[in-house]
Amino acid sequence: MGAAPSKRQPVSVVAANDEDEKRSLAADMASLSLASPLSSDGSLTTVTISSWESEAASDPKTALARTILQHSDISTTLTSRTARTLDTHVFNNVIDFKTGPITNQKSSGRCWIFASTNVLRYSIMQALKLNNFELSQSYLFFWDKLNKANYYLELSIENAELPIDDRLINHLSGDLVSDGGQWDMIVNLIERYGLVPQSVFPESTHSSLSGPLNTLVKTKLREHALILRQLSCSLRASHIPENTVLSVLRAKKEDLIKEIYTILTATLGIPPSVDEKFTWEYIDADGKFGKWRGTPLEFAKTFTSKPYPVSDSFSLINDPRNDYSKLYTVDKLGNIWGARPVLYVNTEIENLKMAVVKERFFFLFLLQILTNQHLLLQMIKAGHPVFFGCDVGKFSDRVGGVMDTQLFQYELAFNIKLGLTKAERLQVNESSMTHAMVISGVHLDDNGKPVRYKVENSWGDASGDKGYFIMTDAWFEQYVYQVVVPKAYAPKALVEVYEAGESVVLPPWDPMRAS
């Protein structure tokens with residue numbers, strides 16, 4: 001596919017078409033005086049500090065905050081009672097079919113795998129009349145981790161001539177085998193390795209506690225990368241033909257990555273081969289015995305290919321930093337070398353609402369999110385779960401399971417204004433796509449407008465309301481970035497943008513890579 005350099009769309013301090021804010025800013029600018037700073041050299045002097053303290057000490061609100069907040073956690077103390085009262089776990093539109101159990105990714109960053117398998121299990125459980133069922137998250141995790149190791153070493157070969165302190169090399173050697181991922185990576189894994197039930201390849205200590213495993217794997221891969229860099233330098237100094245250099249380096253890489261395979265099989269187990277038949281036995285909701293036999297690829301094809309295969313869906317994003325109606329990708333982002341790249345079509349929110357005009361629809365993969373209440377409502381009313389990704393750490397309570405922009409009264413307590421726009425948060429690394437979950441319900445007001453959403457998380461049943469969270473509509477608008485839809489239900493113009501393949505390349509460290 002062709003690619004063009006990334007061209008950023010400038011973002012104004014004020015929202016476009018917001019004349020009130022523009023006038024307010026103009027007034028503020030007019031009122032500015034050419035005052036001299038208290039410190040002419042830019043340092044913080046005692047005179048400056050004394051001036052601040054004199055003003056703060058005379059403010060009763062600041063005095064109260066100082067009395068209370070030195071002895072308590074600010075998020076707990078400043079939680080809005082009004083918000084918590086309104087944020088009830090009651091919804092007037094929910095998916096009738098309920099899956100189970102509530103899953104738990106535990107101490108790992110596998111939310112995208114859990115959310116995707118939580119969505120995919122709906123059709124399996126309905127087809128086989130199951131009360132409880134989980135796909136193996138560890139199976140996908142194993143193959144993702146091994147392939148990301150290979151991906152990193154291929155990038156190390158590809159960029160071996162760059163200086164070791166180059167920004168790209170530094171970035172790639174950072175979180176080089178992250179637990180996280182993107183929708184296109186799920187597609188790659190399912191197409192290459194298929195799916196298996198969790199009982200066929202169950203959890204292990206280190207799939208649920210990935211930190212120690214990741215630390216060891218990263219240490220070895222960084223060592224491997226240096227070995228490949230040194231070998232590349234030696235080969236090229238000998239004026240060996242480039243195709244021979246690449247062949248020798250890849251042979252060495254395969255020898256090195258065998259160590260990673262050994263580590264993964266020892267800590268995660270030996271997964272079924274893609275062409276190896278397994279037998280899965282189960283009991284359905286009526287107490288009847290059932291059995292299925294086939295390969296992981298056959299299992300995926302049997303249960304997840306209708307009405308639309310996962311590969312037929314693509315990502316629509318709402319990234320207000322960049323031009324709309326264009327295709328974007330993130331440089332050097334992927335898991336399986338040579339497989340489907342990570343691609344996003346950037347568009348206005350209105351077009352996303354138009355993406356779904358029918359209710360006969362398999363599922364919508366909302367990965368790393370976007371503001372699209374109508375599309376979401378269509379899915380919920382049609383009885384289909386919605387996979388979505390968000391910046392879960394913003395204005396959220398993990399214990400209570402609440403995501404609400406009004407949850408914490410920071411502005412009131414500290415006399416501050418949190419004024420960053422969605423675009424500005426992305427620009428200054430204040431926000432990014434960090435977590436994926438599943439929406440299974442929505443509460444509408446008397447005018448049919450969404451008020452709050454029912455969210456199935458993967459943090460176990462001790463969080464929220466037995467594993468379910470509540471997300472307000474305002475929170476949804478601010479911290480959702482991406483949706484994935486089948487081509488058949490996306491606006492034709494956006495499908496054409498996607499299929500044209502002319503992508504704008506965002507840098508490897510862009511927040512759109514996060515997951």
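All of the points below concern the structure found in this document.

Rules and cut-offs
Residues numbered from 1 in each chain as written. Predicted model: local features only at pLDDT ≥ 70, side-chain atom pairs only at ≥ 80, totals over all residues. Heavy atoms only, no water. Helix = DSSP H or I, 4+ residues; strand = E, 2+ residues; numbered from the N terminus. Salt bridge = Lys/Arg side-chain N within 4 Å of Asp/Glu carboxyl O. Buried < 20%, exposed > 50% of the residue type's maximum accessible area, 1.4 Å probe, protein only. Phe/Tyr/Trp six-rings, centres within 6.5 Å; stacked < 30°, edge-to-face > 60°. Lys NZ or Arg CZ within 6 Å of the ring centre and 35° of its normal.

## Description of unusual backbone geometry
A negative phi angle characterises most non-glycine residues, just as the trans form characterises most peptide bonds.
Point 1. For the peptide bond that leads from Gly 100 to Pro 101, omega is 0°, which places it in the cis range.
Point 2. Tracing the chain through its elements places Pro 101 in the loop between strand 2 (93–94) and helix 6 (111–128).
Point 3. For Lys 129, which is not glycine, the phi dihedral falls at a positive 55°.

## Here we look at the pattern of salt bridges
Point 1. Counted by the stated rule, this structure contains 24 salt bridges.
Point 2. Residue Lys 332 pairs with Asp 331 through a salt bridge whose shortest N-O separation is 3.0 Å.
Point 3. Since its relative accessible area comes to 18%, Lys 332 is described here as buried.

## Topic: the pairing of strand 9 (residues 386–390)
Point 1. Among the five residues that make up strand 9, five are buried, leaving the element largely enclosed by the rest of the structure.
Point 2. Side chains Val 386, Phe 388 and Cys 390 project from strand 9 onto one buried face, and the interleaved Phe 387 and Gly 389 project onto a second face that is buried too.

## Re the packing of aromatic side chains
Point 1. For the structure shown, the criterion picks out 22 aromatic pairs.
Point 2. Considering the side-chain rings of Trp 143 and Tyr 193, the 4.3 Å spacing of their centres and the 5° angle between planes classify their relative orientation as stacked. You can see Trp 143 sitting in helix 7 (residues 137–158) and its partner Tyr 193 sitting in helix 9 (residues 183–193), a full 50 residues away along the chain. There is no split in this pair, since Trp 143 and Tyr 193 are both buried.
Point 3. With a centroid separation of 5.2 Å and 45° between ring planes, the pair formed by Trp 475 and Tyr 479 is classed as tilted. Of the two residues, Trp 475 and Tyr 479 are both situated in helix 18 (residues 473–479); the distance of four residues between them amounts to about one turn of the helix. We note that Trp 475, like Tyr 479, is buried.
Point 4. Ring pairing ties together the aromatic residues Phe 133, Phe 278, Trp 280, Tyr 282, Trp 292, Phe 299 and Phe 303, which thus form one cluster.
Point 5. Positioned above the aromatic ring of Phe 141, the side-chain terminus of Arg 110 is 5.4 Å from the ring centre.

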